[in-house]
Amino acid sequence: RTLSEAEELVALAAARLAAIALQRHRTQVQLWHLAHHDRLTNLPNRARLQEKLDDAIQDARRHNTSLAVMFLDVDNFKIINDSLSHEFGDQVLQQVSDRLRGVVGGDGYCARLGGDEFTVVHEGAMSLAALGDLAGRLVVAFEPPLRIGDQEVKVTVSIGVSKFPEHADDAEGLLRAADTALFRSKERGRNQFALFNQEMLEEAARKFTIEQGLHGAIERDELRLVFQPELSLEGNRAVAVEALLRWQLADGRLVPPGEFLAVAEQSRLILDIGDWVMRTAIAKAAEWHRGPWPDVRIAVNVSPRQLLDGRFVARVASLLREQALPPSCLEIELTESVLQTGPATVEALRQLRALGVSIALDDFGTGYSSLASLEQLPLTRVKLDRSLVDTIDTSERSFAIAHAIIELCRGLGLAITAEGIERPTQFALLARERDVTLQGYLFSRPIPEPEWLALLPQVPARL
């Protein structure tokens, strides 16, 4: 071959090698991008966020400046996914990421951690008040509905905010602080933001300790039931007991439910704990039904999360069969917050009523949806909240309100229980309402089973 031909071949080979190298480079760039970015929104993913945040903290240290981390998630996103399809939910997340980019602009960057969780990082000096303004703009940005195809959907977001170096001096600490603040934001009712403070961390540590302690509490036999009677002046008798949960620690202290049930609810431990309560209460009621109290009725408090479990009704039916306890001996107590969990829970209650189980609405008169609850829920009983009963003997207005509610329930064919009776003067007024069942410390505090069985034959004389 001539020299020119050889040179041409070399040039072609060099061009091929260059093309291969370029393609490899592009592939490496694409692989790096895929490894560090979320495929759905094209935002940096968790791994890339960690890298960028570590670098940003180093820069802030060198230049003695600050930065902020915001944890954000879409309120009730699971409902959108479950009711409108996962494909629809993906489009919602894409539009959420677009809105976040629009608000943050060049002042920071966004990342998607997974699911409906996003992070916004703002670099540079900013006061806590200015951070609050930015977080507020992010919340307000979602006031206009999203447009998905030909459908509009309203979404809201909750945000937790932390700042370097005030709240933490490393990426993990900042993310943890922002997550803690996000949790507080949701506790306050969602669709808002919360700035981290030290009290939040202490509260989070307390809840973590409680949650860890609750794990295994059933296996360690630390849960206890105590019983508070509900009494009737028609026949001067006990018509029911409410089964109330206590947690007995190793030192013997009984922890009241107000200190741990909310933590159990948030961690889903409530499902196991609620099942233990139902199983134990039905077993006790069956013993009493075949022994000292044939007309037993036991009231068990049930969490909305339990009602959302599709196996709940079947589980209750199975326990009743196992213990040979008539369904009429069991009453489910719930609060009107159950209405916020959707039609599935109402359907579960209808199925329980079809079994013959009674349904009581607890804490009536304290929520915004009380009248809607009476109309929508398949109730058999209403329990007047202690806050209504507390001043009936000192305020004519309070007594008039309580009496009006009692008359309303009578008109609807609902049984009525008045909770929180602590003074003889309250008892004297409610005694006029002969069909109202009475419950409170004036008669008995919640007591263990042996004390209750000893008290049972004394009820007529005590009343």
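Residues numbered from 1 in each chain as written. Predicted model: local features only at pLDDT ≥ 70, side-chain atom pairs only at ≥ 80, totals over all residues. Heavy atoms only, no water.

1. Things to note about a nonpolar patch on the surface
Point 1. Together, Leu 371, Leu 408 and Leu 412 make up a nonpolar patch on the protein surface, roughly 280 Å² of accessible area in all.
Point 2. On the basis of relative accessible area, Leu 412 is assigned to the partly exposed category, the value being 47%. (Patch = residues over 30% accessible without salt bridge, like charges linked within 9 Å, V, L, I, M, F, W, Y side chains within 5 Å. Areas by Shrake-Rupley, 256 points an atom, 1.4 Å probe, with all protein chains shown as cover. Salt bridge = Lys/Arg side-chain N within 4 Å of Asp/Glu carboxyl O. Buried < 20%, exposed > 50% of the residue type's maximum accessible area, 1.4 Å probe, protein only.)

2. Regarding the pairing of strand S14 (residues 381-384)
Sheet faces and side chains relate simply in a regular strand, where the side chains alternate between the two faces.
Point 1. Residues Arg 381 and Lys 383 point to one face of S14 and Val 382 and Leu 384 to the other, with burial holding for every one of them.
Point 2. Judged from the three bridges that link them, strand S13 (residues 358-364) and S14 form a sheet pairing that is parallel. Opposite Phe 364, over in S14, you have Leu 384 as the bridge partner.
Point 3. Note: S14 against strand S15 (residues 415-418), four bridges, orientation parallel. (Helix = DSSP H or I, 4+ residues; strand = E, 2+ residues; numbered from the N terminus. Pairing = 2+ DSSP bridges.)

3. Overview of the packing of helix H9 (residues 269-289) against helix H11 (residues 312-323)
Point 1. At their nearest, the axes of H9 and H11 sit 9 Å apart, and the two run at 30° to each other. With respect to H11, the axis of H9 lies roughly parallel. Where H9 crosses over H11, the two elements pack in a sense that is right-handed. Residues Asp 275, Met 278, Arg 279, Ile 282, Ala 283 and Ala 286 of H9 lie in contact with H11, whose contacting residues are Phe 312, Arg 315, Val 316, Leu 319, Leu 320 and Gln 323.
Point 2. Residues of the contact of H9 with H11, tallied by class, amount to eight nonpolar, one polar and three charged. (Axes fitted to C-alpha atoms, helices over the stretch in contact; angles between N-to-C directions. Parallel < 35°, antiparallel > 145°, perpendicular 65-115°, else oblique. Left-handed = near helix turned anticlockwise from the far one by under 90°. Contact = heavy atoms within 4.5 Å. Nonpolar A, V, L, I, M, F, W, Y, C, P; charged D, E, K, R; others polar.)

4. Side note on the nonpolar core
Point 1. Residues Met 278, Leu 330, Leu 352 and Trp 452 are the most contacted members of the largest nonpolar core, which totals 83 residues.
Point 2. Residues within four places of Leu 352 in sequence aside, it is in contact with Leu 307, Phe 312, Val 313, Val 316, Ile 332, Val 357 and Ile 359. (Core = buried A, V, L, I, M, F, W, Y, C linked by side-chain atoms within 4.5 Å.)

5. As for the pairing of strand S2 (residues 108-114)
Point 1. Taken across its seven residues, S2 has five buried, putting it largely inside the fold.
Point 2. In the sheet, S2 pairs with strand S3 (residues 117-123) via six bridges, with the strands oriented antiparallel. Bridge pairing in S3 places Tyr 109 opposite Val 121.
Point 3. Once S2 ends, the chain turns through two residues before running back antiparallel as S3, passing Gly 115 with a positive phi of about 55°.

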